[in-house]
Amino acid sequence: MDVVWLKKDVRLHDHAPLSLIAAGGNCRPCLILYLYEPDQLSEATVHGSHVAFVNEGLVDLDLRLSGRGGSIADDDIDLYRHHQFRCITVCHAGAAFTFREIHRQRPIHQILCHMETSHLKSFARDKAVRRWCRANNVPIKEFNQTGVTRCLSNRDDFSANFNRFLDRPMPESPSSDQLRQMRRRLIDVGGAEGIQLHGLCRSPMNPTDMQEISAQNRHDRANRQRGGESKALDMFQSFLSHRGANYSSGISSPNTSWTTGSRLSPYLTWGHMSLRHVIVHTKRRQEELRSAKKVSSSPIPWLRSLASFQSRMHWRSHFMQKLESQPSLEKEDLCLAFSKLRRQPHDFCQEHYDAWCQGLTGFPFVDACMRCLIDCGWLNFRMRAMLVSFATYNLWLDWKKISCHLARVFLDYEPGIHYPQLQMQAGTTGINAMRVYNVTKQGKDQDPSGIFIRRYIPELRNVPDEYIHEPYNMPSSMQKKYLVTIGNGDDKVARLGFSNLKQTLSGVYEETDGNNFLYYPSPIVDEKLTAKLAKDKLSTVRKQESTKVEADQVFLKHGSRRSRGEDRDGVKPKALSSAIKRVRVDRGQTSLLSSWKFSPHEQQNSSERNEKTVDNGVLDKKPTAMSQASFRTESSQAAMTEPREWSCKLCTYLNEKPLALVCSMCGSVRQ
Ligand SMILES: Cc1cc2nc3c(=O)[nH]c(=O)nc-3n(C[C@H](O)[C@H](O)[C@H](O)COP(=O)(O)OP(=O)(O)OC[C@H]3O[C@@H](n4cnc5c(N)ncnc54)[C@H](O)[C@@H]3O)c2cc1C
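Everything numeric in this text was worked out from a predicted model, so none of it was measured.

Novice: Looking at this model, I keep getting lost on the site of the ligand. Mind explaining?
Specialist: Near the ligand there are 28 residues, and of these Tyr 247, Ser 262, Arg 263, Asp 412 and Glu 414 occur at the shortest range. One of the backbone N or O atoms of Arg 263 is found 2.7 Å from an oxygen atom in the ligand. With the chains in place, 98% of the 830 Å² that the ligand exposes on its own is no longer accessible. When contributions to the shell around the ligand are tallied by element, the ones reaching two or more residues are helix 12 (265–269), helix 14 (300–325), helix 17 (381–394) and helix 19 (415–426). Sorting elements by how many residues they give to the shell around the ligand places helix 14 first, with 6 residues. Of the residues that constitute the shell around the ligand, the class distribution is 15 nonpolar, 7 polar and 6 charged. When residues of the shell around the ligand are sorted by domain, at least three fall in each of domain 2 (229–330) and domain 3 (336–520).

Take a look at the structure:
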C-alpha cells in the first residue's frame, strides 16, 4: 500500500504525491492520511484558529477528491463541522505511531509527502519518522514545495537552486477519471474488514476538544479568513484580476492593505495553495500586461505592483532558507553577540507584556493593530514590524517572550518567516539596519483620520481627529464631553487590577457604584525616551569588534546576495552599508577565514587575494573560489566519513543513501 501523508499541503493542485498516486500506474491500494499530532499541537504557538483553518482545508480537499468540489459558503459552518470524510483518513495520533500501526496491519510500500521547514518539534518528528522508515525498509519520498534547499552548504547556491525549482514543470492535477480510479484503490479504515487506527476521526476535530492546546488558546477567531483550496483560488483570482492593481501603493496602510494585499499568506502557510502556482500564474499575468502595454500605457501601476508582489514571493523562500539552514534560530539570537540584551534580571515587565498582548498600551495605533490581530488573525507587514519594534525597543521585551503570542495571533504563522523576521525587527541578526518605529508618527502617516483606530478601539470612537493619535493630550473637559476617560498616572484601571482588563476589551468598565464609563489607558511608557535608551544599548553592542566579527559570519551564512534594488531582508542596500563597509575595510578578513578553515599556506594566498578584492571595491563578502573549493572538499570529506542524507541539486529530493552517486528520485548524477 502507498501512503500519502498530508501535512502543510492540503490541496489538489501542484501536489506531487497526490498526482503520482492518482496517475497510479502501479495500481497499488493507497491511503491519504492527515494527522492531528498531539506532540505538534502541544506547541505553545498553536491556536484554535489554526486548527479551524486547517479543518476547512481538509473538508475542501476531501470534497474535491470525492468529485464534489466547489466553493463553500463562508457561513456554512455546519458543513465544515459535520462533514464526514470519505477520501482522507484523519486520525488524532502521532506520526511514527500511526505508520507503525498501519504497517503492522497492512505493509506500507512507500510514504509520499512534502518536505517541511518548520519549528524544532516538527524537525524532531520528521527525524523519528525517517528513523522508523529506515528500520522497517519503508521508503519515504519527500517532495519540495517551497524552493528551500536541504543541507545547503553555500548560501551563494540558493538562488540557482530556487530558480531550478521554479523551472521544473508543476505536476498535473489529477483528472476526474484518475480520481475515480484512485477512489477505488483507497483502503478501508475503521470498517469491519478494514484496518483499525487509533484516534480515527470521521469528521473534523473541534479545536476545543484538543486537550494538547492550552485552554485559553482553543477558541477560534470570528473574523478570520476561511480556509480551503477553493477559497485560496478565489482570493488569488480576485488579486490578479482587480485587487492587485494598487498593491505597491496600498500595502503600507492597514486601511488599504486588506484589499490591495494578496492576503494569500494563510493559504501558503497551510499549503492550501502552492508557492509555485502563485509565481507561475503571476508571471503569466505579467506577460499579458506587458503585451497590453504595447498598445496602452495603463498597465504600468499593475506591472509595478506585480513585480513587487513577485519579489515578496521570493522573500518567502529566502527567509525560510534561513530557518532550514539554522533551525536553532527559533530559540537563539542569529548573532550571539546580542544574547545578553533584554535578558537582564529586571528587563522583563509582566504588566508591559500583558498590556501589549491585549492592546492596552495607551498608544492607539499599536493597540488597534494588536486588537485587529486578535479579531481576525491578519495584519500587513509594516504594522507587524511596528508591533515588534514597539515591544522590543520601547517595552524592552525579549523577542523570545513575544514570539509565541504573535505566532498564535497570526493565522499565517510560518516559522520560517516568523523567527527571522522577529529577529530582524528586534535587531539581533547583526546584518540588518536597526529599525525603531515611531508609533505615533506611523499612526498619523498610515491612518491619518483614525479610521482603523476607531474600528478596533471602540472607547476612542467619539474622540475628535485631532486627538485620536494622542488622546492623553485631551483636556478633561473634552473627555467629559466625548464620554471617555483617559488614564492618568493614578489609573482607575490600575485600581481595578490587571486581571479585570481582560474582560474589558470593549473599553466599557463598570465601577463598584454601578456606573459604566469608557476608559482608555494613558501610555505605559515614554515613547521617545524608551526608544533612545534602547537604541543606545543596541548601538553599544553593534559597535563592538566581536559583534562585527560575528555579524560577518551571519552575513556569509544567511545574507541576501542581491546587490541592487530592494534587498530581500526588507531593507534598501543602503541600510546594510555598515555591514558592507565593514567588508571593505576588514582587510585581514580573519573572521571569514576562520570559518573557511584554511591551511597556513592557503591563508596567506587568500589574504593577498582578499586585499585585491577590497581594492577592486567588490561589495559582497564573497569567499574566493579557492576558499570555496577548499571548503567544499572539506565538507565532502566530512560527508564521506560521516554518513548523512544529501539533497539532489536538480530535484531537491532528500536522498538517504549517503554514498549514492545518482538521485533515487530523478536519476540525475550527483553534483
Ligand atoms: C515580525 C513579523 C512576523 C511575520 N510573520 C509571518 C508569518 O508567520 N507568516 C507569514 O506568512 N508572513 C509573516 N510575516 C511577513 C508579512 O507580514 C506577511 O507575509 C504579509 O503581511 C502577509 O500578507 P499578504 O499575504 O497579503 O502579503 P503580500 O504582501 O501579498 O505578499 C505575498 C506573500 O509573500 C510573502 N511575504 C510577504 N512579505 C514577506 C516578508 N517580509 N518576508 C517573507 N515573506 C513575505 C508571504 O508569503 C505573502 O503571503 C511577518 C512579518 C513580520 C514583520
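Novice: Would you explain the environment of Pro 204 in this entry?
Specialist: Take Pro 204: it is sitting in the loop between strand 6 (200–201) and helix 9 (229–241). Residue Pro 204 is classed as buried on the basis of its relative accessible area of 12%. Distance from Pro 204 to Glu 56, taken between C-alpha atoms, is 8.4 Å for residues 148 residues apart in sequence.

Novice: Teacher, can you tell me more about the pattern of salt bridges here?
Specialist: Where charged atoms of side chains with opposite charge meet at close range, the side chains can pair. All told, the structure shown has 30 salt bridges when counted by the stated rule. Residue Arg 276 is joined to Asp 14 by a salt bridge in which the shortest nitrogen-to-oxygen separation is 2.9 Å. Of this pair, Arg 276 sits in helix 13 (residues 275–293) while Asp 14 sits in the loop between strand 1 (2–6) and helix 1 (16–23), and the two are 262 residues apart along the sequence. What makes Arg 276 buried here is its relative accessible area of 5%. A salt bridge links Arg 343 to Asp 398; its shortest N-O distance comes to 2.8 Å. Within this pair, whereas Arg 343 is found in the loop between helix 14 and helix 15 (350–358), its partner Asp 398 is found in the loop between helix 17 and helix 18 (399–409), the two being separated by 55 residues in sequence.

Novice: What is the right way to look at the environment of Phe 319 in this model?
Specialist: When you line up the elements, Phe 319 lands in helix 14. With 241 residues separating them along the chain, Phe 319 and Ser 560 place their C-alpha atoms 9.5 Å apart.

Novice: Help me out: how do you make sense of helix 19 in this one?
Specialist: In an α-helix, one full turn covers 3.6 residues, which means residues spaced three or four apart are oriented alike. An ideal rise of 1.5 Å per residue puts 16 Å on 12 residues; helix 19 measures up with 16 Å between its terminal C-alpha atoms. Counting buried residues along helix 19, 11 of its 12 residues qualify, which places the element largely inside the surrounding structure. When we look at burial in helix 19, the residues that qualify are Pro 415, Gly 416, His 418, Tyr 419, Pro 420, Gln 421, Leu 422, Gln 423, Met 424, Gln 425 and Ala 426. Buried residues in helix 19 make contact with helix 14, helix 17, helix 18 and helix 26 (527–543). At the C-terminal side of helix 19, Gly 427 shows a positive phi close to 80°.

Novice: Just checking my understanding: could you explain the nonpolar core for this structure?
Specialist: Soluble globular proteins: nonpolar side chains tend toward being buried together. If you look at the biggest cluster of nonpolar residues, it comprises 63 residues, and the most contacted ones within it are Trp 356, Ile 402 and Leu 406. Sequence-distant contacts of Trp 356, defined by excluding residues within four places in its chain, comprise Thr 361, Met 370, Leu 387, Phe 390, Ala 391, Leu 395, Ile 402, His 405 and Leu 406. Counting 61 residues, the second-largest nonpolar core is a separate cluster that includes Leu 65, Phe 162, Met 182 and Ala 245.

Reading the values: rules and limits
Residues numbered from 1 in each chain as written. Predicted model: local features only at pLDDT ≥ 70, side-chain atom pairs only at ≥ 80, totals over all residues. Heavy atoms only, no water. Near = heavy atom within 4 Å. Polar contact = N/O pair within 3.5 Å; in protein donor to acceptor, adjacent residues only side chain to side chain. Areas by Shrake-Rupley, 256 points an atom, 1.4 Å probe, with all protein chains shown as cover. Helix = DSSP H or I, 4+ residues; strand = E, 2+ residues; numbered from the N terminus. Nonpolar A, V, L, I, M, F, W, Y, C, P; charged D, E, K, R; others polar. Domains from an automatic or database assignment. Buried < 20%, exposed > 50% of the residue type's maximum accessible area, 1.4 Å probe, protein only. Salt bridge = Lys/Arg side-chain N within 4 Å of Asp/Glu carboxyl O. Expected span 1.5 Å × (residues − 1). Contact = heavy atoms within 4.5 Å. Core = buried A, V, L, I, M, F, W, Y, C linked by side-chain atoms within 4.5 Å.

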